[in-house]
Amino acid sequence: MDLLEVKSRIAEALVESIFRRARYDVVPHQASASPLRFGREDFSPDFRVSQASPEGGDRDFLVEVKYRPSIEQFISVENQRGERSIFLMARRQWPSLYFVLMTERPEPGRSCFQTVAFETLRSGEPFRTVDLTEVKEFGLFPHNVEDHEELVRRILALLTS
């Protein structure tokens with residue numbers, strides 16, 4: 001197992017922890033179809049999160065988590081791919097899929113946890129990310145994510161020191 005794979009698994013565990021702390025039920029996603037692979041990586045959903053909403057109706061989302069040393073560089077490459085972007089291919093198979101990206105070195109003023117903003121994406125526009133707390137349908141509290149950002153920095157610093 002290489003360091004990138006270790007960091008990816010840590011990212012999955014921390015994002016799962018964020019949702020569990022927000023009182024979501026988290027279960028591994030059982031794909032009925034074959035996984036969506038691109039190179040060595042699997043871009044199929046990692047888990048399903050659900051929560052009974054106080055307003056009635058449930059919140060139910062599929063989540064795919066990826067670690068990236070540079071989220072901006074990853075988004076730039078996916079923008080260059082256009083219709084062949086892994087984001088679009090995955091959303092064709094799972095329309096409600098959210099990509100959560102984690103890094104220990106976000107751009108200044110940005111969170112370690114970001115998601116691709118599909119809700120505001122118009123056809124032909126480049127992909128962009130928003131901080132995880134900005135996804136209103138998740139209803140995550142900033143202090144929950146901030147606590148996990150501290151864990152990101154501590155854990156990943158231990159791995160690289």
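Below is a summary of the structure that appears in this document. Since this is a predicted model, take the numbers as computed values, not measurements.

1. Looking at the pairing of strand E7 (residues 113–116)
No. 1: On E7, burial covers both faces: Phe-113 and Thr-115 on one face and Gln-114 and Val-116 on the other are all buried.
No. 2: Sheet topology places strand E6 (residues 97–102) next to E7; 3 bridges connect them, and they run antiparallel. Opposite Val-100, over in E7, you have Thr-115 as the bridge partner.
No. 3: When E7 meets strand E8 (residues 129–131), the two strands line up antiparallel, connected through 3 bridges. From the neighbouring strand, Thr-115 faces E8, where its bridge partner is Val-130.

2. A short note on the packing of helix H1 (residues 3–21) against helix H4 (residues 142–160)
No. 1: At a minimum axis distance of 10 Å, the contact between H1 and H4 shows a crossing angle of 160°. Put simply, H1 runs roughly antiparallel to H4. Crossing of H1 over H4 shows right-handed handedness. Along the contact surface, H1 presents Leu-3, Val-6, Lys-7, Ile-10, Leu-14, Ser-17, Ile-18 and Arg-21, while H4 presents His-143, Asn-144, Val-145, Asp-147, His-148, Leu-151, Val-152, Ile-155, Leu-156, Leu-159 and Thr-160.
No. 2: Across the contact of H1 with H4, the residue classes break down as 11 nonpolar, 5 polar and 3 charged.

3. Let's talk about the packing of aromatic side chains
No. 1: As enumerated under the stated definition, the model contains 8 aromatic pairs in all.
No. 2: Both rings, one in Phe-61 and one in Phe-138, keep their centres 4.9 Å apart while their planes meet at 85°; by these two values the pair is edge-to-face. Taken together, the residues span a long stretch of sequence, with Phe-61 in strand E5 (residues 58–67) and Phe-138 in the loop between E8 and H4 at a distance of 77 residues. Pair check on accessibility: Phe-61 and Phe-138 agree, each one buried.

4. With respect to the sheet that holds E8
No. 1: Spatially, 6 strands are ordered E1-E4-E5-E6-E7-E8 in an open sheet, and the strand pairing comes out mixed. At either margin of the open sheet sits one strand with a lone partner, and together these are strand E1 (25–28) and E8. On average, each strand axis in the sheet is tilted by 35° relative to the strand beside it, whichever way the strands run.
No. 2: Contacting E1, strand E4 (47–52), E5, E6 and E7, H1 crosses the sheet at an angle of about 160° to E5.
No. 3: The sheet contacts of helix H2 (residues 71–81) involve E6, E7 and E8, and relative to E6 the element is tilted by about 140°.

5. Focus: H4
No. 1: The first and last C-alpha atoms of H4 sit 27 Å apart over 19 residues, in line with the 27 Å expected at 1.5 Å per residue.
No. 2: Of all the residues in H4, the buried ones are Asn-144, Val-145, His-148, Glu-149, Val-152 and Leu-156. The arc that holds every buried residue of H4, seen down its axis, measures 135°, which confines them to one face. Of the exposed residues in H4, those oriented more than 90 degrees away from the buried face are Arg-154 and Leu-158.
No. 3: Looking at the buried positions of H4, the neighbouring elements they touch are H1, E5, E6 and E7.

6. Some words on the nonpolar core
No. 1: Phe-19, Tyr-24, Phe-113 and Phe-138 are the most contacted members of the largest nonpolar core, which totals 29 residues.
No. 2: In terms of residue count, the dominant contributor to this core is H1 (6 residues).
No. 3: When residues no more than four places from it in sequence are discounted, the contact partners of Tyr-24 are Phe-19, Val-49, Ser-50, Gln-51, Arg-59, Phe-61, Glu-137, Phe-138, Gly-139 and Leu-140.
No. 4: Ile-86, Trp-94, Leu-97 and Phe-118 belong to the second-largest nonpolar core, a separate cluster that totals 15 residues.

Basis of the calculations
- Numbering of residues begins from 1 in every chain and follows the order in which that chain's sequence is written.
- For a predicted model such as this one, the threshold for reporting local features is a pLDDT of at least 70, and the threshold for listing and counting side-chain atom pairs is 80 or more; totals across whole chains, interfaces and linings nevertheless cover every residue.
- Here the side-chain values reflect all heavy atoms present in the structure, with hydrogen atoms and water set aside.
- Three labels apply to residues, based on accessible area from a 1.4 Å probe with only protein chains included: buried if under 20% of the type maximum, exposed if over 50%, partly exposed otherwise in between.
- The helix and strand labels rest on DSSP assignments: H or I over at least four residues marks a helix, E over at least two residues marks a strand, and numbering proceeds from the N terminus.
- Pairing between two strands is assigned when DSSP locates at least 2 bridges connecting them.
- Angular values range over 0 to 180 degrees, each being the angle between N-to-C directions of two axes fitted as lines to C-alpha atoms, with helices fitted over their stretch in contact.
- Any angle that falls under 35 degrees is termed roughly parallel, while one over 145 is termed roughly antiparallel, one within 65 to 115 roughly perpendicular, and all others oblique.
- Rotating anticlockwise by less than a right angle from the far helix to the near helix defines a left-handed crossing, while the corresponding clockwise rotation defines a right-handed one.
- Residues count as neighbours in contact if any of their non-hydrogen atoms are within 4.5 Å of one another.
- Residue polarity follows a fixed list, in which Ala, Val, Leu, Ile, Met, Phe, Trp, Tyr, Cys and Pro are nonpolar, Asp, Glu, Lys and Arg are charged, and the others, Gly among them, are polar.
- Pairing of aromatic side chains requires ring centres within 6.5 Å, counting the rings of Phe and Tyr and the six-membered ring of Trp. Pairs whose planes differ by under 30 degrees are stacked, by over 60 edge-to-face, and all others tilted.
- Here a helix's expected span is defined as the number of its residues, less one, multiplied by 1.5 Å.
- What the arc measures is the spread of directions leading from the helix axis to the C-beta atoms.
- Residues enter a nonpolar core if they are buried and are Ala, Val, Leu, Ile, Met, Phe, Trp, Tyr or Cys, with the set joined through side-chain atoms within 4.5 Å.

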